[in-house]
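Here is how the chains run, residue by residue.
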Amino acid sequence: MQRQVIQRILGLLLAAFSLTMLAPIVFRFLDASEPLAPFVASTLITLAAAVALWYPVRDFRDDLRLREGFLIVVLFWTVLGLFGALPFLFSSALDLGLTDAVFESISGLTTTGATVITGLDALPKSILFYRQSLQWLGGMGIIVLAVAILPLLGVGGMQLYRAETPGPVKDNRLTPRIKETAKALWYIYLLLTVACAFAYWLAGMSVFDAIAHSFSTVAIGGFSTHDASIGYFDSGAVEVIAILFMLLAGANFGLHFITWKSASLRHYLQDAEFRTYLWVLLAVTVVTVITLNAANVYPGLVESFGKGIFHAISIGTTTGFTTSEYHLWPGSLPVLLLLVSFIGGCAGSTGGGMKVIRVLLLVKQGLRELLRLVHPSAKIAVKIGEKAVDSRVVEAVWGFFSAYVAVFVFMLLLLMATGLDEVTAFSAVTATLNNLGPGLGEVALNYTGINGFSKWVLCLGMLLGRLEIFTLLVVLTPAFWRR
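Owing to the predicted nature of the structure, the values given are computational and were not obtained by experimental measurement.

## Here's the deal with the overall build of the protein
The helix and strand inventory of the protein stands at 23 helices and two strands. For the protein, the C-alpha atoms occupy an extent of roughly 65 × 55 × 55 Å along the three principal directions. In the protein, which comprises 483 residues, the proportion classed as buried is 57%. Put simply, 71% of the contacts in the protein that link residues at least 6 apart link residues at least 24 apart.

## Some words on the packing of aromatic side chains
Under the counting rule described, the total for this entry stands at 25 aromatic pairs. When the ring of Phe-39 is compared with that of Tyr-130, the centres are 5.9 Å apart and the planes differ by 65°; the resulting orientation is edge-to-face. One end of the pair, Phe-39, is in helix α3 (residues 37–54); the other, Tyr-130, is in helix α7 (residues 125–140), with 91 residues separating them in the sequence. Measuring from centroid to centroid gives 5.5 Å for Phe-103 and Tyr-447, while their planes differ by 40°, and the two rings are tilted. Of the two residues, Phe-103 sits in helix α6 (residues 98–109) while Tyr-447 sits in the loop between α20 (422–433) and α21 (452–466), which places them 344 residues apart along the sequence. According to the relative accessible area criterion, Tyr-447 is buried, its value standing at 1%. The structure contains a cluster of three or more aromatic residues connected by ring pairs, namely Phe-27, Phe-129, Trp-136, Trp-186, Tyr-189, Phe-208, Phe-215 and Phe-253.

## Re helix α19 (residues 391–417)
Here α19 spans 39 Å end to end across 27 residues, near enough to the 39 Å set by a 1.5 Å rise per residue. Considered for burial, the residues of α19 that qualify are Val-393, Val-394, Val-397, Phe-400, Ala-403, Tyr-404, Val-407, Phe-408, Met-411, Leu-412 and Leu-415. Contact partners of the buried residues in α19: α18 (356–374), α20, α21 and α22 (470–473). Just past α19, the residue Gly-419 takes up positive phi, approximately 110°.

## Overview of helix α12 (residues 236–249)
Under the 1.5 Å per step criterion, the end-to-end length of α12 is 20 Å for 14 residues, consistent within 8% with the ideal 20 Å. Restricting attention to buried positions, one finds in α12 the residues Val-238, Glu-239, Ile-241, Ala-242, Ile-243, Phe-245, Met-246 and Ala-249. Residue Ser-235 occupies the N-cap position of α12, its side-chain oxygen lying 3.4 Å from the main-chain nitrogen of Ala-237.

## Overview of the pattern of salt bridges
Throughout the structure, instances matching the rule amount to five salt bridges. When salt bridges that share partners are traced, they join Lys-355, Arg-358 and Glu-468 into one network.

## Looking at a nonpolar patch on the surface
On the surface, Ile-45, Leu-82, Leu-89, Phe-90, Leu-98 and Trp-456 cluster together into a nonpolar patch covering about 520 Å² of accessible area. Checked against the element boundaries, Phe-90 lands in helix α5 (residues 86–90). A relative accessible area of 35% means that Phe-90 is categorised as partly exposed.

## Here we look at the side chain of Asn-434
Mapped onto the secondary structure, Asn-434 falls in the loop between α20 and α21. Given a relative accessible area of 0%, Asn-434 falls into the buried group. Contact partners of Asn-434, with chain neighbours within four places excluded, come to Thr-318, Leu-338, Ser-341, Phe-342, Gly-352, Gly-353, Tyr-404 and Val-429.

## What to know about the side chain of His-256
Topologically, His-256 is positioned in helix α13 (residues 253–262). At 2.7 Å, the side chain of His-256 and the backbone oxygen of Leu-248 are in polar contact. When near neighbours in sequence (up to four residues on either side) are disregarded, His-256 contacts Ile-188, Leu-192, Leu-248, Ala-251 and Tyr-268.

## What to know about the packing of α6 against α21
Relative to each other, α6 and α21 sit at 20°, their axes nearing to 10 Å. The orientation of α6 with respect to α21, classified from their angle, is roughly parallel. Viewed along their axes, α6 and α21 form a crossing whose handedness is left-handed. Judged by residue contacts, Thr-99, Asp-100, Val-102, Phe-103, Ile-106, Ser-107 and Leu-109 of α6 engage Gly-452, Lys-455, Trp-456, Leu-458, Cys-459, Met-462, Leu-463 and Arg-466 from α21. Split into classes, the residues belonging to the contact of α6 with α21 amount to nine nonpolar, three polar and three charged.

## A word on the nonpolar core
Ranked by internal contacts, the top residues of the largest apolar core, which has 112 residues, are Phe-17, Phe-103, Tyr-189, Tyr-200, Leu-415, Tyr-447 and Leu-458. With nine residues, the single largest contributor to this core is helix α10 (residues 178–202). In this structure Leu-458 touches Phe-103, Met-411, Leu-415, Ala-428, Val-429, Thr-432, Tyr-447 and Ile-450, once residues within four positions along its chain are discounted.

Conventions used here
Residues numbered from 1 in each chain as written. Predicted model: local features only at pLDDT ≥ 70, side-chain atom pairs only at ≥ 80, totals over all residues. Heavy atoms only, no water. Helix = DSSP H or I, 4+ residues; strand = E, 2+ residues; numbered from the N terminus. Buried < 20%, exposed > 50% of the residue type's maximum accessible area, 1.4 Å probe, protein only. Contact = heavy atoms within 4.5 Å. Phe/Tyr/Trp six-rings, centres within 6.5 Å; stacked < 30°, edge-to-face > 60°. Expected span 1.5 Å × (residues − 1). Polar contact = N/O pair within 3.5 Å; in protein donor to acceptor, adjacent residues only side chain to side chain. Salt bridge = Lys/Arg side-chain N within 4 Å of Asp/Glu carboxyl O. Patch = residues over 30% accessible without salt bridge, like charges linked within 9 Å, V, L, I, M, F, W, Y side chains within 5 Å. Areas by Shrake-Rupley, 256 points an atom, 1.4 Å probe, with all protein chains shown as cover. Axes fitted to C-alpha atoms, helices over the stretch in contact; angles between N-to-C directions. Parallel < 35°, antiparallel > 145°, perpendicular 65-115°, else oblique. Left-handed = near helix turned anticlockwise from the far one by under 90°. Nonpolar A, V, L, I, M, F, W, Y, C, P; charged D, E, K, R; others polar. Core = buried A, V, L, I, M, F, W, Y, C linked by side-chain atoms within 4.5 Å.

See the structure below:
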């Protein structure tokens, strides 16, 4: 293990992140009452730590191997979550302790959207903007951005990209050079953010709210500048825009790139994962709308349809925006919506969950085993579209699923051991491991009321979900540390 390589890159990445803490200072020029000290202090502390890491090994040059890539990704997201908590910790407007500040920071960076902060409407805009920007940076993954920058500093990026990028197949490049691939993803991400902000503004949001909510919409994050979330605006146009961009952000960004480059929409229809993604969301929407209308939760089919489609897509894509208290809906509907978040978005998207492609492969593998019972001697391939999937990929998906279930059960038991009831514990683990945010029971509205130990466990769950289990678990295995 090359400690100097890891230390140097971690210092560079932390230095880059420290500069993002200065952005909220702009609000001080617009309003003298906006806090300045929390962001200046946080920037200086983070930058000092970055220099302390980087300076002793600044002249060290060596190739970055895959093992170092995994460790850098894990360390960076962990360290980033800790340093990202500083503005929350230092802000007098919040009065958060260390546990709550770290929880909020990690929730933002992992685009989970679980919050311990209440009274959002009364908070300074600089704090709200910083909170939203954490989700935007974490959405595509700040390390993917670093892949485009680090080669300029003499650091290769392929190992970081493979460790960071979600999905069962990580070696598919959109362009010949990995740096150009990272740039292409970020251009699409930025374009969607700008388009979303402009659409929100046209729909009646203020400039600040439009930009803030575009950050969390395209990042599939779910943070809002208002306690009532998207429901604050009480606007059908805003909800339609949110639905559109949540759908786009939950799709594979590589698919967006190919579609844009070829100027043809046929790639969406030809992609098996994208088609499955739409069918799942459509099915959940139909069930939700029918249930709401049959139970007379809302006066009329139109309102039931509006609430149903919004929450089905918001929770299905793991965004976590709400327009009403869906946890109070009748029957099994709230649990159904939570379960859909296990599927989540497509591979290569900003969404959470296990990813649609993995679930699709699991289903196809299950169907193949049924056919083998009828035709024991038949050689049946697992196919995505017309292409047979390598058996190693199928095995990796089953391994991922097993690890996902094991981690879920372990975290569930830990939370229940602290005294949380079954509904709260189950939904909290589901919402954090799938990077969803809102849960049921005590965590339906926020996570303020649960105990500190549970919050640290859920922080680990958010990191596991963001790094897709294996990236974090692999560094804990003895084999990883052997020469």
